[in-house]
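Structural features, examined
Single-letter residue listing:
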Amino acid sequence: DCVIAIREAERRGFSGAIWPVNPTRAEMAGYRCFASVEDLPEAPDAVFLAVPAPAAVEVVGRLRALGAGGIVCYAAGFRESGPDGARLEEALVVAAGEMALIGPNCYGAINYLSHTALWPFAHGGTSPGYGAAIVTQSGMFSSDITMSQRGLPLTHMISCGNQAVLGFEDFADFLIGELGVRALGLHIEGLTSVAAFHEIALR
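Structural notes, computed from the coordinates. Worth saying up front: this structure is predicted, and the values here are computed from it rather than measured.

1. Examining the sheet that holds strand β3 (residues 47–49)
- Sheet architecture is open: three strands sit in the order β3-β4-β5, paired in parallel fashion. Each edge of the open sheet is held by one strand with a lone partner, namely β3 and β5 (100–102). The sheet shows a mean angle of 20 degrees between the axes of neighbouring strands, direction not considered.
- Bridge count for β3 against strand β4 (residues 70–73) is three bridges, and the pairing is parallel. Bridge pairing in β4 places V47 opposite I71.
- Contacts from helix α2 (residues 53–66) reach β3, β4 and β5, with the element oriented near 165 degrees to β3.

Below you can see the structure in the form of structure tokens.
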């Protein structure tokens, strides 16, 4: 999945630095691997984190200490898996602190306007510089929409998963202020804060 995520970032047109971290591999998708997050040249702006749930909590804390900008936590095995997973998710939130975190148990985010993707599978979608921003809790649903042949112009696709840190209201608050976003689509399985969603719906 990490190799695919790198390829999808490249295919989306991302031209910045890519720093894979893996303690047992020398390279990944043609890029030099770093043994740990502490070995990175500087704090990363954005991280696609694909490690088992218990390790994810630890790594998120280490990334926060480094000053990372934000994380897509692809790992599953949190609240959706039962009481033990719920406790892990609580620990994940504590580890993240004030850092932005999408997920866990999610596919991630694609920004068609800035040509960036933190996404674990092949995706489609095009943007003429404007279009619809879609936020969904379902990874498969988000993937299906990007592959639609109906000609829907997209600006953003966000698979938000468990919404442990960032929820629908946070994404909507950001997206409705973004230049080029002409429609906002929300596929909702459950809200973390009805009051907060009410406020964003009024906006």
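Let's pick the thread back up.
2. Quick word on the packing of α2 against helix α3 (residues 83–96)
- The N-to-C vectors of α2 and α3 enclose an angle of 10 degrees; their axes lie 8 Å apart at closest approach. Between α2 and α3, the angle is such that the two are roughly parallel. On α3, the residues that touch A53, P54, A56, V57, V60, G61 and R64 of α2 are L88, A91, L92, V94, A95 and A96.

3. Concerning the state of the cysteines
- Counting across every chain of the model gives zero disulfides.
- C2 provides the cysteine sulfur closest to C33, a residue in no disulfide bond, and the two sulfurs are 9.1 Å apart.
- Overall, C33 belongs to the buried group, its relative accessible area being 9%.
- No disulfide involves C73; its sulfur sits 7.0 Å from the nearest other cysteine sulfur, which is in C106.

4. Points about a nonpolar patch on the surface
- On the surface, I188, L191 and V194 cluster together into a nonpolar patch covering about 240 Å² of accessible area.
- Here L191 is to be found in the loop between β10 (181–187) and α6 (194–202).
- Its relative accessible area of 34% is what places L191 among the partly exposed residues.

5. With respect to the side chain of S36
- Position of S36 among the secondary structure elements: in the loop between β2 (31–32) and β3.
- Contacts of S36, omitting those with residues within four sequence positions, involve V21 and R62.

6. Looking at the environment of A96
- With respect to the helices and strands, the residue A96 is situated in helix α3.
- A relative accessible area of 0% means that A96 is categorised as buried.
- Separated by 37 residues in sequence, A96 and V59 have C-alpha atoms that sit 9.6 Å apart.
- Look past the residues within four positions of A96 in its chain and what remains in contact with it is V60, R64, L101 and V165.

7. A closer look at the packing of helix α5 (residues 168–175) against α6
- Where α5 meets α6, the closest approach of the two axes is 9 Å, and the angle between their N-to-C directions is 20 degrees. By the angle between their directions, the pair α5 and α6 is classed as roughly parallel. The chirality of how α5 crosses α6 is left-handed. Residues E169, A172 and D173 of α5 form the contact with α6, whose participating residues are A196, F197 and I200.
- Taken together, the residues of the contact of α5 with α6 break down into four nonpolar, no polar and two charged.

8. A closer look at the pattern of salt bridges
- Applying the stated rule across the entire model yields seven salt bridges.
- We note a salt bridge from E10 to R7, for which the minimum N-O separation is 3.0 Å. Of this pair, E10 and R7 both sit in helix α1 (residues 2–12), three residues apart, roughly one helical turn.
- A relative accessible area of 39% means that R7 is categorised as partly exposed.
- Put simply, E89 and R79 hold a salt bridge, and the shortest N to O gap is 3.0 Å. Of the two residues, E89 sits in helix α3 while R79 sits in the loop between β4 and α3, which places them 10 residues apart along the sequence.
- With a relative accessible area of 44%, R79 lands in the partly exposed category.

What counts and how
- Residues numbered from 1 in each chain as written.
- Predicted model: local features only at pLDDT ≥ 70, side-chain atom pairs only at ≥ 80, totals over all residues.
- Heavy atoms only, no water.
- Pairing = 2+ DSSP bridges.
- Helix = DSSP H or I, 4+ residues; strand = E, 2+ residues; numbered from the N terminus.
- Axes fitted to C-alpha atoms, helices over the stretch in contact; angles between N-to-C directions.
- Contact = heavy atoms within 4.5 Å.
- Parallel < 35°, antiparallel > 145°, perpendicular 65-115°, else oblique.
- Disulfide = S-S within 2.5 Å.
- Buried < 20%, exposed > 50% of the residue type's maximum accessible area, 1.4 Å probe, protein only.
- Patch = residues over 30% accessible without salt bridge, like charges linked within 9 Å, V, L, I, M, F, W, Y side chains within 5 Å.
- Areas by Shrake-Rupley, 256 points an atom, 1.4 Å probe, with all protein chains shown as cover.
- Salt bridge = Lys/Arg side-chain N within 4 Å of Asp/Glu carboxyl O.
- Left-handed = near helix turned anticlockwise from the far one by under 90°.
- Nonpolar A, V, L, I, M, F, W, Y, C, P; charged D, E, K, R; others polar.

Honestly, that's just the spatial picture; any functional story needs more than this.
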